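Spelled out from the first residue to the last, the chains are:
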Amino acid sequence: MVRFMETSYAPINRSAYRLAAEATDAFEGARSTVQRFINAPKAHEVIFTKNASEALNLVAHSWGRANLAHGDVVVLTHMEHHANIVPWHMLAAELGIELRWVPLTTDGQLDLTDLPALLDGAKAFSFTAMSNVLGTITPVRQLCRAAHDAGAVAIIDACQYVPHNITDVQAWDADFIAFSSHKLCGPSGIGVLWGREALLDAMPPFLGGGNMIADVRLDGFTTAELPAKFEAGTPPIIEAIGMGAAVDFLQCLGMHNVRQHEIDISAYALKSLTERFGDDITIHGPTNVEVRGATFSFAFRGIHPHDLSQVLDQRNVCVRAGHHCAKPLMRILGAPATARASFYLYNDEHEVDVLADALDSATDIFGF
Amino acid sequence: MPGLEDLYREIILDHYRTPRNRGELAPPAAHAVGHNPLCGDEIEVYLDVADGMVNDIKVGGQGCSISQSSASMMTQAVKGKSLEEVRALVHRFRSMMSIEELDESAAEVKLGDLEALQGVVKFPVRIKCAVLAWNTLTEALTQTAP
């Protein structure tokens, strides 16, 4: 990003000068990098957005309004992030669509017992590939198949999944996926919507303005081809290049290595924290590391997550405390807030021990 | 970095462990609910006001040690006070939390135990925890306004 800002920073897609051409090449290069990263058939199916939330809003707003009417059904799950709930609530208020919910099992996986009935007559099934609260990895391929069997499109909130696993939209047979850059070591301010070309082509534009038009007259406009059709205005150029660099970095490490590292650290964390603290710690989500990532929401000795995170911060341990933008799930868990420790490629087993020691120090203050 | 001893004073932990004036008051007591949407903390304030005096106050809800102890201490501080005194106290507390410029006329208002929450100012993220109950009290007061 710094090199680009120092040597090639110019507006893209509009000017003939050399600097602008370099910028356009770099921007489109980032798009191709992302395309390969998720095994998308075509680069122009990769739409740059502000974040994953905007990507999901784009689908709900553009695809939803064009394809849904009063009484139509959209199926979601109980473990969704607000980004995959609120846009559908907004659509429900506007169009009168019906929302149905896939419930959870006691160990924090999707309870698929009644899935065929829930999907019966549904137009869309929008679900997370990995819970940002529980760490649960959902059976995406199976869920896409179930959606298609019911005649519904499969929309995947892959924001938590993509940074931690090999993503292959063709193997999933997905219709749309959304994810963001900031969770995969990249800059904030940019996310991605990938969609099937045929679906994107048939959708009306989302935001209007520069770059997204083929022609504008006093009596109307025609839209540009993909991906420009969904990228109104000057895009986050620097951020796209930063995201491309982050993806290159992850590709160099190998996503299978990233995933294996998280399996190893998850197994160690689950074992060591439960051995050390027993019933004093409640770790939400699956105990089987094959179906979870290294994201651990937990309750500890009745200490409020805020207080816990404050004490851990003194030990330079950063955990998020709160509802993690998933309030419906928190209500189901019966916890208004949890502390969440997230391990990634830069953490090792020693840091699990540092967390455990820091948790003990919280007891010194709140030990009652 | 300020130390945790500035934040978690013993009196704060005492009010957290043993909150005072927990409960509800039946209508026509004023009732307000305050949320901290970022963290999920929730405070309910019930206020029984007659003849310009706070006869009784109860609080409910859940949250962290700072929000709960602030609520508990607040109930003790406002019970039996006139509405005028309560408003001055709210202002004095908010100015201690550095979110209001202190009006000189309120400089003499005594905070008592509430001064233990002074250390919260050193942890700016937690200021919203400390003022949640007070904002909810202010909301309840608007319902009692003549």
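Rules used in this analysis
- Every chain is numbered independently, its residues counted from 1 as its sequence is written.
- Written order decides the labels, with chains lettered from A and ligands numbered from 1.
- This being a predicted model, a pLDDT of at least 70 is required before a residue's local features are given, and a value of 80 or more before pairs of side-chain atoms are given or counted; all residues contribute to the totals for chains, interfaces and linings.
- As a convention, hydrogens and water are excluded, and side-chain values are obtained from all of the structure's heavy atoms.
- Put simply, DSSP H or I for four residues or longer makes a helix, DSSP E for two residues or longer makes a strand, and each gets a number counted from the N terminus.
- Radius of gyration: C-alpha atoms only; globule rule: 2.2 Å multiplied by the number of residues to the exponent 0.38.
- Exposure classes here rest on a 1.4 Å probe applied to the protein chains alone. A residue is buried below 20% of its type maximum, exposed above 50%, and partly exposed in between.
- Any pair of residues with heavy atoms lying within 4.5 Å of one another is described as a contacting pair.
- Residues with no salt bridge and a relative accessible area higher than 30% make up the patches, which join like charges within 9 Å and nonpolar side chains (Val, Leu, Ile, Met, Phe, Trp, Tyr) within 5 Å.
- Each accessible area is a Shrake-Rupley estimate made with a 1.4 Å probe; only the visible protein chains count as cover when residues are assessed.
- Within this document, salt bridges are pairs made up of a side-chain nitrogen of Lys or Arg and a carboxyl oxygen of Asp or Glu, the two lying within 4 Å of each other.
- We score Asp and Glu as negative and Lys and Arg as positive, and we do not count His or the chain ends.
- To locate a charge, the coordinates of NZ of Lys, CZ of Arg, CG of Asp or CD of Glu are taken.
- Should DSSP find at least two bridges between two strands, the strands are taken to pair.
- Every axis in this analysis is a line fitted to C-alpha atoms, fitted for helices over the stretch in contact. Angles between the N-to-C directions lie between 0 and 180 degrees.
- The domain limits used here are those given by an automatic or database domain assignment.
- The quantity reported as buried area is the accessible area (1.4 Å probe) lost by two parts once they are put together, taken as the sum for both.
- Note that Gly is not counted as nonpolar here; it falls among the polar residues with everything else outside the nonpolar set of Ala, Val, Leu, Ile, Met, Phe, Trp, Tyr, Cys and Pro and the charged set of Asp, Glu, Lys and Arg.
- Any pair of N or O atoms that falls within 3.5 Å is considered a polar contact. Within protein, one atom must be able to donate a hydrogen and the other to accept it, and sequence-neighbouring residues count only if both atoms are side-chain atoms.

Undergrad: Just to check I follow, could you spell out the overall build of chain A for this structure?
TA: Across its full length, chain A carries 13 helices and 13 strands. Computed over its C-alpha atoms, the radius of gyration of chain A comes to 22 Å, within 12% of the 21 Å expected for a compact globule of 368 residues. In terms of overall dimensions, chain A has a C-alpha envelope of 70 × 55 × 35 Å along the principal axes. Classification of the 368 residues of chain A by burial places 53% in the buried group. Restricting the contact set of chain A to residue pairs at least 6 apart, pairs at least 24 apart contribute 68%.

Undergrad: Looking at this model, I keep getting lost on helix α11 (residues 305-314) of chain A. Mind explaining?
TA: A turn of α-helix holds 3.6 residues, and therefore any two residues three or four places apart point the same way. Residues and elements named next belong to chain A. Among the 10 residues that make up α11, eight are buried, leaving the element largely enclosed by the rest of the structure. For α11, every residue scored as buried is listed here: Pro305, His306, Asp307, Leu308, Ser309, Gln310, Val311 and Leu312. Phi turns positive one or two residues past the end of α11, at asparagine 316, with a value near 60°.

Undergrad: Explanation requested: a negative patch on the surface in the structure shown.
TA: Residue and element names in this part refer to chain A. On the surface, a cluster of negative charge is contributed by Asp264, Asp348, Glu349 and Glu351. With respect to the helices and strands, glutamate 349 occurs in helix α13 (residues 349-366). Here glutamate 349 falls in the partly exposed class, since its relative accessible area comes to 39%.

Undergrad: Please clarify how the sheet that holds strand β11 (residues 295-300) of chain A should be interpreted in this entry.
TA: Adjacent strands of a sheet pair through backbone hydrogen bonds, lying either parallel or antiparallel. Residue and element names in this part refer to chain A. A sheet is described by the order of its strands in space; here four strands give the open sequence β10-β11-β13-β12, paired in antiparallel fashion. Unpaired on one side and paired on the other, β10 (281-283) and β12 (320-322) mark the two borders of the sheet. Neighbour-to-neighbour, the strand axes of this sheet turn through a mean angle of 30°, independent of strand direction. As judged from the four bridges shared by β11 and strand β13 (residues 338-342), these two strands associate in the antiparallel manner. Within β13, the residue paired with threonine 295 across the bridge is serine 342.

Undergrad: Is there a simple way to explain the pattern of salt bridges in this structure?
TA: Side chains that differ in charge, positive against negative, can pair when their charged atoms come close. Residues and elements named next belong to chain A. Within the structure shown, the criterion is met by 21 salt bridges over all chains. With a shortest N-O distance of 2.8 Å, arginine 276 and aspartate 357 are connected by a salt bridge. Residue arginine 276 is found in helix α10 (residues 255-277), and its partner aspartate 357 is found in helix α13; the two are separated by 81 residues along the sequence. On the accessibility criterion, aspartate 357 (37% relative accessible area) is partly exposed. For the salt bridge of aspartate 280 with arginine 301, the shortest nitrogen-to-oxygen distance reads 2.9 Å. Taken together, the residues span a long stretch of sequence, with aspartate 280 in the loop between α10 and β10 and arginine 301 in the loop between β11 and α11 at a distance of 21 residues. Each member of the salt-bridge network shares a partner with another, and the members are Arg276, Asp280, Arg301, Asp357 and Asp360.

Undergrad: Could you clarify how one ought to interpret the domain arrangement of chain A in this entry?
TA: Residues and elements named next belong to chain A. Structurally, chain A comprises domain 1 (2-253) and domain 2 (255-366). Inter-centroid distance (C-alpha atoms) of domain 1 to domain 2 is 29 Å. Between domain 1 and domain 2, the buried area comes to about 2300 Å², and carbon and sulfur atoms account for 62% of it. Between the two partners, domain 1 and domain 2, sit zero salt bridges. Top element by residues in the side of domain 1 that touches domain 2 is helix α9 (residues 237-253). It accounts for three residues. Class assignment of the residues belonging to the side of domain 1 that touches domain 2 gives a composition of 16 nonpolar, 12 polar and three charged.

Undergrad: Would you mind going over the side chain of A:Glu45 with me for this structure?
TA: All names here are of chain A. Inspection of the secondary structure assignment puts glutamate 45 in the loop between α2 (18-37) and β1 (46-49). At 5.3 Å, lysine 42 is the nearest oppositely charged side chain to glutamate 45, a buried residue that forms no salt bridge. Side-chain polar atoms of glutamate 45 contact the side chain of tryptophan 194, separated by 3.0 Å. A distance of 3.0 Å separates a polar side-chain atom of glutamate 45 from the backbone nitrogen of glutamate 197. Apart from the residues within four sequence positions on either side, glutamate 45 is in contact with Ala40, Leu193, Trp194, Gly195, Arg196, Glu197 and Leu200.

Undergrad: In this structure, what is going on with the side chain of A:Arg259? I would like to understand it.
TA: All names here are of chain A. Tracing the sequence through the fold places arginine 259 in helix α10. Buried and without a salt bridge, arginine 259 has glutamate 262 as its closest oppositely charged side chain, separated by 5.0 Å. Engagement of the side chain of arginine 259 in a polar contact is seen with the backbone oxygen of valine 289, the distance being 3.1 Å. Non-local contacts of arginine 259, meaning those with residues more than four positions away in its chain, are made with Ile137, His164, Asn165, Val289, Glu290, Val291, Arg292 and Gly293.

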